[in-house]
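Residue-level listing of the chains:
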Amino acid sequence: MKFIKINFFIIIIFTSTLVGCAQNTKEKNTIHTTEVSEKDKVINLISPEELNKKLGEITLIDIRTPQEFSEGHLKNAANINLFDPNFIQKMNKFDKSKVLYIYCRSGNRTSSAAKKLAEIGFVKIYDLQGGILNWRKNNMEVIK
C-alpha cells in the first residue's frame, strides 16, 4: 500500500510538471497585440523608391543637424533640426492638413519626430524608411 501511495505521488508530481511546462510554452508562443491609436495611424514608412517618385511635389523635411544637411540631402528638402529648441515652433508654420515627408540619417530620429508632429496636429506623416543611409544604399540622388 505504501508503494502505491509513493507511485501515485510521483505520477501526480510528474503530471503537474508536464502541465506546467505546456502552459509556459503556450504563454511564450502567444502573440500579444496592442491597440493602435488614431494618432499612430498618421505615421507611415515610405521606401526610397516610392519617395523618389514624389520628389518635387511634396513637403520634405530633413530633421538632421545643419552640418549633416550640408554633407548631402534630398532634392528640395528643407532642413529643420529636430534638436533645435524651436523645432515645434518651426514645424507649426506648415499646413498640418497636408501630407508631410520627413527623414533623418537612419530613421531613428524620425520616429520620435513623427510622434511629436502627430501630437501637434499633423494628419499624415511619411517617414523615409532607413533614412538617408537607406536612400544612398539604393543609389538615389543626394544634393550637396
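Conventions used here
- Residues numbered from 1 in each chain as written.
- Predicted model: local features only at pLDDT ≥ 70, side-chain atom pairs only at ≥ 80, totals over all residues.
- Heavy atoms only, no water.
- Helix = DSSP H or I, 4+ residues; strand = E, 2+ residues; numbered from the N terminus.
- Polar contact = N/O pair within 3.5 Å; in protein donor to acceptor, adjacent residues only side chain to side chain.
- Contact = heavy atoms within 4.5 Å.
- Buried < 20%, exposed > 50% of the residue type's maximum accessible area, 1.4 Å probe, protein only.
- Phe/Tyr/Trp six-rings, centres within 6.5 Å; stacked < 30°, edge-to-face > 60°.

Chemist: Help me understand the side chain of Asn134, please; the structure alone is not making it clear to me.
Modeler: Secondary-structure assignment places Asn134 in helix α7 (residues 131-137). A polar atom in the side chain of Asn134 sits 2.8 Å from the backbone oxygen of Gln129. Excluding residues that lie within four positions of it along the chain, Asn134 makes contacts with Pro48 and Gln129.

Chemist: Teacher, can you tell me more about unusual backbone geometry here?
Modeler: Negative phi is the rule for most residues except glycine; trans is the rule for most peptide bonds. Look at Asn76: it is not a glycine, yet its phi comes out positive at around 65 degrees. Along the chain, Asn76 turns up in the loop between α4 (66-70) and β3 (78-79). Take Asn76: its relative accessible area is 49%, and that puts it in the partly exposed class. Positive phi values are uncommon outside glycine, yet Asn139 reaches one of about 60 degrees. Assessed through its relative accessible area of 70%, Asn139 is described here as exposed.

Chemist: Looking at this model, I keep getting lost on the packing of aromatic side chains. Mind explaining?
Modeler: Two aromatic rings are characterised by how far apart their centres lie and by the angle between their planes. Summed over all chains, the structure comprises one aromatic pair. Measuring from centroid to centroid gives 5.1 Å for Tyr101 and Tyr126, while their planes differ by 15 degrees, and the two rings are stacked. Of this pair, Tyr101 sits in strand β4 (residues 100-103) while Tyr126 sits in strand β5 (residues 125-128); the two residues are 25 residues apart in sequence, bridging distant segments of the chain. We classify Tyr101 as buried; its relative accessible area is 7%.

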